[in-house]
Amino acid sequence: MDEETIQRVATPAVCEVQLENGQACGVIAVGRCVFCGHAFCDTHRARFLQRVYTDTCAPCFPKTEEGKQRCEVDNCGVTAVDHCGICKRAICATHRIFERLPTTVFQPEIYVPRCRPCFDNSSEEAKRARQRAEAVEAREYLLSGAARKALLSSKEEPVAIYQIESQLKKGLFSSGKWVTVVTSVQRGWFLGNFDGTSWALLDVDSQPTPLVPVQPYRDGYALVERQKNRDFSAWVQTAYTIRVLTNSSS
Ligand SMILES: [Zn+2]
Ligand SMILES: [Zn+2]
Ligand SMILES: [Zn+2]
Ligand SMILES: [Zn+2]
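Since we're looking at a predicted model, the values are computed, not measured.

Novice: So what exactly am I meant to see when it comes to the overall build of the chain here?
Specialist: Secondary structure summary: the chain contains five helices and 13 strands in total. In the chain, which comprises 250 residues, the proportion classed as buried is 28%. Looking at the chain alone, contacts between residues at least 24 apart form 45% of all its contacts between residues at least 6 apart.

Okay, structure coming up:
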């Protein structure tokens, strides 16, 4: 390490985002914004859907590709928060409806974003047929390796996914204590939390590509026990998230 590097490590940058009282935030910074050059903390980094920006501060979010998107329903023009799963148009919070997929086929409940016109203009029968097709397609996209390929060629960085185990460690004078032991480390992409379970897609060249439940651990995530039937609910939402992250419309 040279002198300058040591200096930087010793005095970490602090968040320069201005608070409402006009003062800088001052919390330890996690990145620097490519637009304004300010250091920003975890709270003041830009976020969109499941996406966490590593190079943009929250105030500069409107300058990003996602931030520039405006709701396309009825010339609305309000900042978009999502995309319609059917017509793919950008939609604001007001023009977004979450359509519930049938729980009789896929449980527990799954919600997918729709624009108001697309939701209103379809019959119950059409909705059901579409939902089934969507779930089947999402499953194929995830497990066939297509989703992994899209992530690999995107700028999304995989994170460490730990496999951990509790082991009883015997002490010389004590009866022992339980310690957490890392048994393996893989890489994967964190996709968000749906229905109370967090999901990651492992970067593994095998089929099916493992879609796994995880929980935060160290600098990444750790595998958690798979709950029966939870995978079904995650297909549509994780597939949707990956498409948003990788900007692929197909
Ligand atoms: Zn900025
Ligand atoms: Zn801050
Ligand atoms: Zn639509
Ligand atoms: Zn709107």
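Once the structure has been displayed, the description carries forward.
Novice: Looking at this model, I keep getting lost on unusual backbone geometry. Mind explaining?
Specialist: Note: most peptide bonds trans; most residues except glycine with negative phi. Backbone torsion omega between Gln 207 and Pro 208 reads 0°, so that peptide bond is classified as cis. Mapped onto the fold, Pro 208 is located in the loop between strand S11 (197–202) and strand S12 (211–217). A positive phi angle is found at Asn 75, which is not glycine, with a value near 50°. Summarising the element assignment, Asn 75 is placed in the loop between strand S4 (51–57) and strand S5 (82–83). Here Asn 75 falls in the exposed class, since 7 other C-beta atoms lie within 10 Å of it.

Novice: Any chance you could explain helix H3 (residues 124–143) here in plain terms?
Specialist: Given 3.6 residues per turn, any residue in an α-helix points the same way as the ones three and four places further on. Helix length check: H3 (20 residues) gives 29 Å between terminal C-alpha atoms against 28 Å at 1.5 Å per residue, within 8%. One or two positions beyond H3, positive phi appears at Gly 145, with a value near 100°.

Novice: Would you mind going over the environment of Leu 191 with me for this structure?
Specialist: Structurally, Leu 191 is set in strand S10 (residues 177–194). Expressed as a C-alpha distance, the spacing of Leu 191 and Thr 241, which sit 50 residues apart in the sequence, is 6.6 Å.

Novice: Please clarify how the sheet that holds strand S13 (residues 220–223) should be interpreted in this entry.
Specialist: Strand order in this closed barrel of five strands is S9-S10-S11-S12-S13, and the pairing throughout is mixed. Averaged over all adjacent pairs, the angle separating strand axes in this sheet is 55°, with direction ignored. Relative to S13, strand S9 (residues 159–169) runs parallel, the two sharing two bridges. Residue pairing for S13: Ile 161 is matched across the bridge by Tyr 221.

Novice: Quick question: what am I supposed to make of the pairing of S11 here?
Specialist: The pairing of S10 with S11 spans six bridges and is antiparallel. Each residue of the ladder has a partner; that of Phe 194, found in S11, is Thr 197. Sheet topology note: the S11/S12 ladder contains four bridges and is antiparallel. Bridge pairing in S12 links Leu 201 to Leu 211.

Novice: Where do I start with the environment of Val 14 in this structure?
Specialist: Note on placement: Val 14 falls in the loop between helix H1 (3–10) and strand S1 (31–32). Overall, the presence of 15 C-beta atoms within 10 Å leaves Val 14 in the partly exposed class. With 25 residues separating them in the primary sequence, Val 14 and Ala 39 have C-alpha atoms 6.4 Å apart.

Novice: Help me understand the confidence of the model for the chain, please; the structure alone is not making it clear to me.
Specialist: Do not read the fine detail of predicted coordinates wherever pLDDT is low. Here the chain shows a mean pLDDT of 83. Residues at 70 or above account for 86%. Looking at the elements of the chain, mean pLDDT is at its lowest for H1, recorded as 51, and at its highest for strand S2 (residues 39–40), recorded as 95. The low-confidence segment residues 103–108, where pLDDT is below 50, has twelve contacts with residues more than four positions distant or belonging to other chains.

Conventions we followed
Residues numbered from 1 in each chain as written. Chains lettered and ligands numbered in written order. Predicted model: local features only at pLDDT ≥ 70, side-chain atom pairs only at ≥ 80, totals over all residues. Helix = DSSP H or I, 4+ residues; strand = E, 2+ residues; numbered from the N terminus. Buried ≥ 20, exposed ≤ 12 C-beta atoms within 10 Å, placed from the backbone. Contact = placed C-beta atoms within 7 Å. Expected span 1.5 Å × (residues − 1). Pairing = 2+ DSSP bridges. Axes fitted to C-alpha atoms, helices over the stretch in contact; angles between N-to-C directions. pLDDT = per-residue confidence, 0-100.

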